[in-house]
Structure formats: structure tokens, C-alpha cells
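# Topology and contacts: notes
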Amino acid sequence: MLRVFAPAKINLTLQVGPPGGDGMHPLQSVVAFADVGDWVEVAPSEGLTLAMDGPFAPMLTQDEDNLVLRAARLLAAEGQVRAGAALRLSKHLPVASGIGGGSSDAAAALKALNQLWALDLDVAALAQLGRRLGADVPVCLGARSAWMTGAGEQVAALALPEMDVVLVNPLRPAPTAQVFQRFDAMKLGADFEAREAPAWRSVEEVVTGLAELGNDLAAPARFVTPEIDDVAAALGLHPLVRVAFLSGSGATMVGVVREAAHAHHVARDILSAHPAWWVAPARLGAALDATKAGV
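Keep in mind that what you see is a predicted model, and the values were worked out from it rather than measured.

Criteria and cut-off values
- Residues numbered from 1 in each chain as written.
- Predicted model: local features only at pLDDT ≥ 70, side-chain atom pairs only at ≥ 80, totals over all residues.
- Heavy atoms only, no water.
- Salt bridge = Lys/Arg side-chain N within 4 Å of Asp/Glu carboxyl O.
- Helix = DSSP H or I, 4+ residues; strand = E, 2+ residues; numbered from the N terminus.
- Phe/Tyr/Trp six-rings, centres within 6.5 Å; stacked < 30°, edge-to-face > 60°.
- Buried < 20%, exposed > 50% of the residue type's maximum accessible area, 1.4 Å probe, protein only.
- Lys NZ or Arg CZ within 6 Å of the ring centre and 35° of its normal.
- Pairing = 2+ DSSP bridges.

### Quick notes on the pattern of salt bridges
If you walk through the whole model with that rule in mind, you get 13 salt bridges. Between D164 and R283 there is a salt bridge; the shortest N-O distance is 2.7 Å. With D164 in strand β8 (residues 163–169) and R283 in strand β11 (residues 278–284), this residue pair connects regions lying 119 residues apart in the sequence. Salt bridges here are not isolated pairs; linked through shared partners, they connect D38, K91 and D105.

### Here we look at the packing of aromatic side chains
Scanning the model with the defined rule gives 2 aromatic pairs in all. On the numbers, 5.1 Å between centres and 50° between planes, the contact of F5 with W39 is tilted. Taken together, the positions of F5 in strand β1 (residues 2–11) and W39 in strand β3 (residues 27–45) put the pair 34 residues apart, joining distant regions of the chain. The same class applies to F5 and to W39, which are both buried. The interplanar angle of 65° and the centroid separation of 6.4 Å between the aromatic rings of F180 and F183 together place this pair among those described as edge-to-face. Within this pair, F180 and its partner F183 are both found in helix α5 (residues 176–185), separated by 3 residues, close to a single helical turn. Taking relative accessible area as the criterion, F180 reaches 18% and is therefore assigned buried. In this structure F183 comes out as buried when scored by relative accessible area, which is 0%. The residue whose ring lies beneath R182 is F223, and the NZ or CZ to ring-centre distance is 3.7 Å.

### Remarks on the pairing of strand β6 (residues 146–149)
The alternating pattern of β6 places A146 and M148 on one face and W147 and T149 on the opposite face, and all of these are buried. Here β3 pairs with β6 via 3 bridges, running antiparallel. When the bridges of β6 are listed, S29 appears paired with M148. For β6 and strand β7 (residues 154–157), the ladder comprises 4 bridges, and the chain directions are antiparallel. By the bridge assignment, M148 is partnered in β7 with V155. Turn length for the β6-β7 hairpin, with the two strands adjacent in sequence and antiparallel, is 4 residues, and the turn residue G150 shows positive phi of about 70°.

So this is what it looks like as C-alpha cells:
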């Protein structure tokens, strides 16, 4: 049996251009990964099955649209694998929350099954498959800080300082497709231009850079999911939060703090005031224990 961690993907910045002829939006984004996330477990089996547990499992389906099953079937077909696998997804991240849960789960499934089936595919080969599942899957396969460009499929390693943060989601979905539809309706992105990846050497530089670059999907996301404003206000008013930003298409807001103790303090305060929200202290950019083998 193998267990692979599927960490939350955080978009620290996100610039988006208008859609091209293929309907895809060009983007550029600083991405980091958190030490909170889901787990994907695989074990030998005659067939290909998926079980799910965890607090957010009831929000997912086990049909053809499930990204973990799609990843498994794609890898089996490409690798001409006749063996099966029993998969289990422990879902701890909210769904449609702008922190790459589905893409990270798919990436974890690809990595786990690559080992279980002894395919020996490298990350580049898995990324080629991952692109067919979603633009975020390649960056999630690396699960390391990166500069993401193109439509999200072009990934370059990026050195970032480690940061303590608080992740807060109002448990109201912000469907990515709806957010992009609103982005287009608002005719945003006309000023998009390619730029070099930032070279942030300290958390101070990150805090300054976040304010400078921002997230072009913030306004349309807040239109689709107005509760984001409530989360932004709660983080903005807390004295220990240095800066707060929206990750991806939302609705998860991220508050940057100075140390882990502050992250736990902020998380307790916000959860006490808003017990219906999902709140998690986390660390970005830390080395992750991504794979565990067992019996």
C-alpha cells in the first residue's frame, strides 16, 4: 500500500489575460504548496475502484468526472496496465476553493499508481499526461514553489522563502468556470503582459510583491461568491495578519503572519467568530513528506 500527500496549491499572485482563439486564458502566477492537504492511497486489486472519506468526501462524486479515477484510467491506458488498483481519497480540502484540491489529488494518484504499477515514468512524462486532466496538474506533480505561465501548463521552479499562513474558506464554492465567465463579462485582462518571475528572497519582499502583483480574478470571484468579502474583512482586521490575498479563483483567502504561533492564534480567533468556516494554519514552501509506504 502507498499513501501520497496531495498538498493545497496556493496562488500567491495571478495575472490573467483575455482568452485567445482556443478559448484559453494566458496567465502567470507565483505558486506555493502548503503542508495541509488530502491523501491518496493505492493498493493492489483486481479491478480499479475508488473509495472516499474525510470531511469533504460527500461533496464529490465517484463517476467518470472524478479526477482521481480519470487519472487512474488515463495512466492505465497509456501504460497498457492490466493490473487494477484500490484507490482511497481522504478529502480534507474544501471543494471548488481555489487551492487546487482536485488537481493535486489527480497528481497524487498519478504518482502513487506510477509506483504501484512499476511504470518508472519520470515527472516530465507524468506531466504530459497531467495536462490532459487539467492545466494545474503539472505544477501539482512537482508540489514545489513555481512560476506558472502559459495556460498554467508551463512550470518553472522558483525559490521562495517559507511562510506561515492561515487559510480561510467560507465554505461557499467559487466554481472556476463561473469566475472566468465573469472575468470575461467584465472585459478584464486587457493590460496583461508577460513578465519575468519575481525574485523574492524574504517574507518582507513577498508581502510587498503580493500588494504589487495581486490577483486578477479577485473581483470576478467576489461577484460570484460575495462571502469572500466577509473573509477578507476578518483577516484584514486581525492585528497579527500582515497581508491577506485570494488564492486562485477563490473562495479561499490566505493571511500571511510572522510565525507558526501567530497562525494558530489567528486560526483560533477566526474559527471562534465564524465556526461555519473552514480555517487551517499552514506553512508554505516547506519540504513535504509526500509519499509513505505501508502494508
